[in-house]
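Chain residues, written in single-letter form:
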Amino acid sequence: QVQLVESGGGLVQPGGSLRLSCAASGSIGSIYTMGWYRQAPGKQREFVAVIISGGITNYVDSVKGRFTISRDNAKNTVYLQMNSLKPEDTAVYYCNLRSKVTILSSMGDYWGQGTQVTVSS
């Protein structure tokens, strides 16, 4: 089993910053991607950012230049630094990990419990 524990959400004013963390533990195997998704009230979950095993990153257009995803391989932890936050960034943010225990295994797809981010004055 793989566990993902997120932290760092909260209430922040527009223009402020938050840093989310997601620590993975358990039978992780080889990590292929770690990423963040978010779900605003009444909307579908959407992709925010991802970092793949080689360190390449990708972001949804709406957060480019404001959010930065990074990873600490030794701690199996992924971070999302969020700057210049806007009210439309308000959502529950979910951590995602995709990994394989062995090269022949199917890809595991794991989710954290979510952390609330609220941007409001």
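Calculation notes
- Residues numbered from 1 in each chain as written.
- Predicted model: local features only at pLDDT ≥ 70, side-chain atom pairs only at ≥ 80, totals over all residues.
- Heavy atoms only, no water.
- Helix = DSSP H or I, 4+ residues; strand = E, 2+ residues; numbered from the N terminus.
- Rg over C-alpha atoms; globule rule 2.2 N^0.38 Å.
- Buried < 20%, exposed > 50% of the residue type's maximum accessible area, 1.4 Å probe, protein only.
- Contact = heavy atoms within 4.5 Å.
- Areas by Shrake-Rupley, 256 points an atom, 1.4 Å probe, with all protein chains shown as cover.
- Lys, Arg positive; Asp, Glu negative; His and termini not counted.
- Charge placed at Lys NZ, Arg CZ, Asp CG, Glu CD.
- Phe/Tyr/Trp six-rings, centres within 6.5 Å; stacked < 30°, edge-to-face > 60°.
- Lys NZ or Arg CZ within 6 Å of the ring centre and 35° of its normal.

**Quick look at the overall build of the protein chain**
Here is step 1: Each helix and strand in the protein chain was counted, giving zero helices and 11 strands.
Here is step 2: Helices (α) and strands (β) of the protein chain occur, in sequence order from the N terminus, as β-β-β-β-β-β-β-β-β-β-β.
Here is step 3: A compact globule built from 121 residues should have a C-alpha radius of gyration of about 14 Å, and the protein chain, at 14 Å, falls within 12% of that.
Here is step 4: By residue count, 40% of the 121 residues in the protein chain fall in the buried class.
Here is step 5: At a minimum sequence separation of 6, the contacts of the protein chain that also span at least 24 residues come to 55%.
Here is step 6: Summed over all atoms, the accessible surface of the protein chain reaches about 6,400 Å², with 49% contributed by carbon and sulfur.
Here is step 7: Charge separation in the protein chain, taken as the distance between the mean sites of 11 positive and 7 negative side-chain charges, equals 3 Å.

**Focus on the environment of L80**
Here is step 1: Take L80: it is sitting in strand β8 (residues 77–82).
Here is step 2: With relative accessibility at 0%, the residue L80 sits in the buried group.
Here is step 3: Sequence separation between L80 and C95 is 15 residues; the distance between their C-alpha atoms is 9.6 Å.
Here is step 4: Discounting chain neighbours no more than four positions away, the residues touching L80 are L18, R19, L20, W36, V48, A49, F67, T68, I69 and Y93.

**A closer look at the environment of V101**
Here is step 1: Within the secondary structure, V101 is located in the loop between β9 (91–100) and β10 (108–111).
Here is step 2: On the basis of relative accessible area, V101 is assigned to the exposed category, the value being 54%.
Here is step 3: Not counting residues within four places of it along the chain, the set of residues in contact with V101 comprises S27, I28 and G29.

**Examining the packing of aromatic side chains**
Here is step 1: This model, assessed by the stated rule, comprises two aromatic pairs.
Here is step 2: Measuring from centroid to centroid gives 5.8 Å for Y37 and F47, while their planes differ by 75 degrees, and the two rings are edge-to-face. Of this pair, Y37 sits in strand β4 (residues 30–39) while F47 sits in strand β5 (residues 46–52); the two residues are 10 residues apart in sequence, bridging distant segments of the chain.
Here is step 3: Taking relative accessible area as the criterion, Y37 reaches 17% and is therefore assigned buried.
Here is step 4: Members of the aromatic cluster, joined through ring pairs, are Y37, F47 and W111.
Here is step 5: Across from the ring centre of Y94, 3.7 Å away, lies the NZ or CZ of R45, which sits over that ring.
Here is step 6: In this structure, R45 packs its charged tip against the face of W111, placed 4.7 Å from the ring centre.

Nothing here speaks to function; it is geometry throughout.
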